[in-house]
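Chain by chain, the residues run as shown.
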Amino acid sequence: VKNGERIQRLEALLARVRTRAAEPRRARLLAVVPAVAPAAVVEVDESDDEATRPPPPPAPKTEVDLAAEPEVQESPRVVGGSSSENDVGDKAFDSQERLVAAMPSASGLASEPEPPRVTAAAQPAPVEPPAPSAPEVEAVVVEDATIDQSLVDEAPASSRRPVGPGHEKRIEQIAFGAEEPRPPLHTPPPESGRLPAATPVDFDADVTGVREAPSSPPAHPAEAQAVVARGQTTVEPGEERDQRVSAPMSVVPTDWPTSPPPALASVPAPAAAPEPPAPPELVADATRAALAPNDSVAKVVGEAQRFAPKTFVALLDASLTL
Amino acid sequence: MVAASPFDPTHAVRFDLPSGSVRAGGAGEGDRVLLVPAAALDGIVLSAPPEAVEALGRALGAAVGRRAAARMSDAEAASIEAFVAQLAGEAAVAGVGVLSVERWGRALVVVVEDSPLVGTLLGPFVASAIEAASGRRVWSTLLSRDERVARLFVGGERAVGRVRESIAAGHAWGAVLVKLHADGAVSGSTGLSHAAGSGA
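Residues numbered from 1 in each chain as written. Chains lettered and ligands numbered in written order. Predicted model: local features only at pLDDT ≥ 70, side-chain atom pairs only at ≥ 80, totals over all residues. Heavy atoms only, no water.

Points about the layout of surface pockets
Residue and element names in this part refer to chain B.
- Size it by volume and the second largest pocket reaches roughly 640 Å³.
- The wall of the second largest pocket is formed by 27 residues, among which V33, L34, V36, L60 and A94 lie closest to the centre.
- At the level of secondary structure, the elements contributing two or more residues to the lining of the second largest pocket comprise strand 1 (13–16), strand 2 (21–24), strand 3 (31–33), helix 1 (38–47), helix 2 (50–71) and helix 3 (80–94).
- Of all the elements, helix 2 adds the most residues to the lining of the second largest pocket, at 7 residues.
- For the lining of the second largest pocket, a count of residues per class yields 22 nonpolar, 1 polar and 4 charged. (1 Å grid on protein atoms, 1.4 Å probe; cavity = no way out; pocket = protein on both sides within 12 Å on 5 of 7 lines; lining within 4 Å. Points joined across faces, edges and corners; volume = space filled by probe spheres on them. Helix = DSSP H or I, 4+ residues; strand = E, 2+ residues; numbered from the N terminus. Nonpolar A, V, L, I, M, F, W, Y, C, P; charged D, E, K, R; others polar.)

This is how it looks when you write it as structure tokens:
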């Protein structure tokens, strides 16, 4: 290809773009693209924009073609038509326009059961010639997982969008007022599962009097016998738990000698508990006052009754004189 | 001076059951008495006018004093102990209570313990009993009264009137007696002397 031809084609492409940009927007009908054609590219004839023809055999693409073609053309497409599909002829679009029209349907409207006239066609269907009436397409469903979302423009503000629950709630608030305040949330219930172990608490052994038993068997037979004497149970490391429960007495390793060595046998066993000190003997420390006898201890204040009647009548007479 | 003799209660009260009479008095026929419930006397005291109550008390005391005087050959010469012994004996036979005497200086105070008589009856009773036993005209008024002990001052009419006024004014009976001695230019001190009569 020469540079001149390339320039001519680019100029033709530019003219076509300008022409189509100047035309009013019309409803377009997507053509059903065979799924078996992975690289099917719907090319629209420049002369007849409405007609749909089978794609020509793939020609060697130039750099300009590769730049103009989006990558989404490689995957199969499922194009659905309305119930009036028979009335409206399929129209072919370029890949860019198809993507723009397919985005809202793929995101939101595809899941709505409302449009009954949209039918999915998984198999390739022959392209019917367009009807002379004005083409109307109400909904188009295009499922293409390989569409590059970065190449797709956002849907216009006037496009159909699902009404979310937030709007209904907003309308209810406007119509009926705000709802009553929710009760305060309580502490969520504890999660099921394994509970974490409690934090080990260190108790003061001097206060509680609880001492930890030696975890390892005594290193010396004398200590082992002392343990047996205290009634504690020592078990060999390999024994099972039930055996330890059933055996009330301890099991001393057999490799230990039965009698302590003479040098250690003379060592006295440690006392079980220190005897309480004897109560101190209390002795009274008496302090006595040295009192000397004295005749002038008593002192009479006043004088004795001088009136001492001998008879009752004398007393009565004295009382009558008061 | 007559030596103190104990009270002899033998035949102090005679019950004549065939004739249905009760007589009090050791010698002779004695006075006919009537066993009256103490509650009946309380009802009379509460309903009768003060003069009637005083007359009733004096009548009861006069009978006791006459019987006590009959036990003493010479009341004028009787010691305090002898006089009080006979008077308290007759009071006990009549069921009035335990009678004793306190000497506060020159003031004579009669103490009656466990008496069923009310205070309004005790004053005329004590005065009339001493009057009948001693032959002197005396008056008496209540100094104090609690659940068990009643104290009565025995003296002249003027002194009794002053003590009654002082007690009614709220003064303590001890202070009233002291004041009584001061007002009367008592020469003796106000020491307490107790002469209790033996009941039986």
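Concerning the pairing of strand 5 (residues 107–113) of chain B
Residue and element names in this part refer to chain B.
- Most of strand 5 sits out of view: 7 of its 7 residues are buried.
- Here strand 5 shows two buried faces, one formed by A107, V109, V111 and E113 and the other by L108, V110 and V112.
- Relative to strand 5, strand 4 (residues 98–104) runs antiparallel, the two sharing 7 bridges. Counted as the bridge partner of R103 is L108 from strand 5.
- Counted between consecutive antiparallel strands, the loop separating strand 4 from strand 5 contains 2 residues, among which G105 sits at a positive phi close to 70 degrees.
- The pairing of strand 5 with strand 7 (residues 149–155) spans 6 bridges and is antiparallel. Counterpart to V109 in the pairing with strand 7 is F153. (Buried < 20%, exposed > 50% of the residue type's maximum accessible area, 1.4 Å probe, protein only. Pairing = 2+ DSSP bridges.)

A few points about helix 3 of chain B
Residues and elements named next belong to chain B.
- Relative to the 21 Å expected for 15 residues at 1.5 Å per residue, helix 3 spans 21 Å between its end C-alpha atoms, a close match to the ideal helical length.
- Most of helix 3 is tucked away, with 11 of its 15 residues classed as buried.
- Every buried residue of helix 3 is accounted for by I80, A82, F83, V84, A85, Q86, L87, A88, G89, E90 and A91.
- Looking one or two places after helix 3, you find G95, whose phi comes out positive at around 80 degrees. (Expected span 1.5 Å × (residues − 1).)

Points about the pairing of strand 7 of chain B
All names here are of chain B.
- Buried residues dominate strand 7, accounting for 6 of its 7 residues.
- Sheet topology places strand 6 (residues 139–145) next to strand 7; 6 bridges connect them, and they run antiparallel. Bridging across to strand 7, R145 finds its partner in A150.
- Between strand 6 and the antiparallel strand that follows it, strand 7, lie 3 residues.

Re the interface of chain B and chain A
- Across the boundary between the two partners, chain B contributes 35 residues, which contact 19 residues of chain A.
- When chain B packs against chain A, the two sides together hide about 2100 Å² of surface, and 65% of this comes from carbon and sulfur.
- At the junction of chain B with chain A, the criterion picks out 1 salt bridge.
- Across the pair D317 of chain A and R136 of chain B runs a salt bridge, and its minimum N-O distance is 3.0 Å.
- Summed over the shared surface of chain B and chain A, the result is 7 residue pairs in polar contact (both at pLDDT 80 or more).
- If you list the elements that add at least two residues to the side of chain B that touches chain A, you get helix 3, strand 4, strand 5, helix 4 (119–134), strand 7, helix 5 (157–168), helix 6 (173–183) and strand 8 (192–195) of chain B.
- The residue makeup of the side of chain B that touches chain A, split by class, is 18 nonpolar, 11 polar and 6 charged. (Contact = heavy atoms within 4.5 Å. Buried area = accessible area lost by both parts, 1.4 Å probe. Salt bridge = Lys/Arg side-chain N within 4 Å of Asp/Glu carboxyl O. Polar contact = N/O pair within 3.5 Å; in protein donor to acceptor, adjacent residues only side chain to side chain.)

As for the sheet that holds strand 3 of chain B
Residues and elements named next belong to chain B.
- The sheet built from 3 strands is open, its strands ordered 1-2-3 with antiparallel pairing. Two strands close off the open sheet at either side, each with one partner strand: strand 1 and strand 3. Taking the axes of each pair of neighbouring strands and ignoring which way they run, one obtains an average angle of 35 degrees across the sheet.
- For strand 2 and strand 3, the ladder comprises 3 bridges, and the chain directions are antiparallel. Opposite R23, over in strand 3, you have R32 as the bridge partner. (Axes fitted to C-alpha atoms, helices over the stretch in contact; angles between N-to-C directions.)

Re the side chain of E90 of chain B
Residues and elements named next belong to chain B.
- Relative to the helices and strands, E90 resides in helix 3.
- For E90, a relative accessible area of 2% corresponds to the buried category.
- Of the polar contacts made by the side chain of E90, one reaches the side chain of R67; its length is 2.9 Å.
- If sequence neighbours within four positions are ignored, E90 has contacts with F7, V64, R67, A68 and R71.

Quick word on the confidence of the model for chain B
Residue and element names in this part refer to chain B.
- Chain-level statistics for chain B give a pLDDT mean of 87 and a share of 88% at 70 or above.
- For chain B, the element scoring lowest by mean pLDDT is strand 8, at 44; strand 7 scores highest, at 96.
- Long-range and interchain partners of residues 186–200, a stretch whose pLDDT sits below 50, account for 42 contacts in this model, where long-range means more than four residues apart. (pLDDT = per-residue confidence, 0-100.)

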